[in-house]
Amino acid sequence: MTLADVELVRFTPPAAERDGTSNRARQTAHALLRRPGFLIAVAYVVLVVLSAIVPRLFTSGDPTQTAPKDKFLAPSLSHLFGTDELGRDLFTRMVHGSALSIEATAISVGLAVVVGLTIGVVSGYAGGWADSLLMRFVDVLLAIPALLLALAIVTALGFGTVNVAIAVGVGLTPGFARVTRAEVLRVKTLPYVEAARSSGAGPLRVLRRHILPNSWGPVAVLAVLDFGTAILAVSSLSFLGFGAPPPEAEWGSLVAAGRTYLVTSPWLTLLPGLAVGAAVYALNHIGKTFEELQRWH
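Rules used throughout
Residues numbered from 1 in each chain as written. Predicted model: local features only at pLDDT ≥ 70, side-chain atom pairs only at ≥ 80, totals over all residues. Heavy atoms only, no water. Helix = DSSP H or I, 4+ residues; strand = E, 2+ residues; numbered from the N terminus. Expected span 1.5 Å × (residues − 1). Contact = heavy atoms within 4.5 Å. Phe/Tyr/Trp six-rings, centres within 6.5 Å; stacked < 30°, edge-to-face > 60°. Buried < 20%, exposed > 50% of the residue type's maximum accessible area, 1.4 Å probe, protein only. Axes fitted to C-alpha atoms, helices over the stretch in contact; angles between N-to-C directions. Parallel < 35°, antiparallel > 145°, perpendicular 65-115°, else oblique. Nonpolar A, V, L, I, M, F, W, Y, C, P; charged D, E, K, R; others polar.

Caption draft 1: How the structure looks around helix α5 (residues 128-142). Between its terminal C-alpha atoms α5 stretches 21 Å, which fits the 21 Å expected from 15 residues at 1.5 Å a residue. On its buried face, α5 is in contact with α4 (90-126), α6 (146-157) and α7 (161-187).

Caption draft 2: Representation of the packing of aromatic side chains within the structure. One pass over the structure, following the stated rule, counts four aromatic pairs. Measuring from centroid to centroid gives 5.4 Å for Phe81 and Phe91, while their planes differ by 80°, and the two rings are edge-to-face. Of this pair, Phe81 sits in the loop between α3 (36-53) and α4 while Phe91 sits in helix α4, placing them 10 residues apart in sequence. You'll find Phe81 and Phe91 in the same group, each marked buried. With a centroid separation of 5.3 Å and 70° between ring planes, the pair formed by Phe159 and Phe242 is classed as edge-to-face. One end of the pair, Phe159, is in the loop between α6 and α7; the other, Phe242, is in the loop between α9 (203-239) and α10 (251-258), with 83 residues separating them in the sequence. Look at Phe159 and you get exposed, because its relative accessible area is 57%. Its relative accessible area of 14% is what places Phe242 among the buried residues.

Caption draft 3: Representation of unusual backbone geometry in the model. Of note in the backbone geometry, Phe72 takes a positive phi value of approximately 60° without being a glycine. The residue Phe72 is located in the loop between α3 and α4 in this model.

Caption draft 4: Molecular detail of the packing of α3 against α4. Two elements in contact, α3 and α4, have axes whose closest approach is 7 Å; the angle formed by their N-to-C orientations is 95°. Judged by the angle between their axes, α3 and α4 are roughly perpendicular. Mapping the contact onto sequence places Val48, Ser51 and Ala52 in α3 and Val95, Ser98, Ala99 and Ile102 in α4. Residue composition of the contact of α3 with α4, grouped by class: five nonpolar, two polar and no charged.

Don't take any of this as a statement about function, it's just geometry.
As structure tokens, this is what we get:
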């Protein structure tokens, strides 16, 4: 069997198999549409992403505009989340602050996926001393709690949204490396991969055409789950004061700013905290749903 034959068998399935794949896709879509919790979670995540990209769709206010005479107003139709100690509209600050928080989260997860995927692929496919060396490095990182590791890194790098994103991304990397390695070890022993090697395909071709496309599923699920974890970590570091400096609004810094007035104006902390918690819960629900569907199929 030549390499062309192997790739033809692998990537050009017969009509019956294509029909089966199409049916599975339809069944998956129907299963997702029958889950109202999943649809609500997706809708909320879409709204959060839209608020980060186009905040003017949700509010026309200025997040830095102060109005001392309107300070500490309770939530109402004119101020959905109330106002803070300077009279700034809290909902407007939440919407505009989502851009920095989502940007930091996306950078951190992207960094973790790229670095973790690289480590996992090299470790799982090469094996031997490379596997041992890389996995011992990953084990050291796993021995340190991710948030504590991120805190140590951001302390060394300094304040700022990008530094927070890098710190959180480094903390998430070991999980992606472990999951990728496990998938590569599983896929590289499958018959079509062995056939591709036997027919003379080089390591890079085997990785690109056979192993990576079939190892991506669990990594994608982990990325969705870790997006929620990253939001929590980024908000935590921002809460501690490592994020963007005032008057820029980040979700964590908004929660931190309101804690001084927790007794008299609890909405300053409660409403931003609930918004962050809802985003994390929605992402976790989406990730768990995809994980369940993967197990079924």
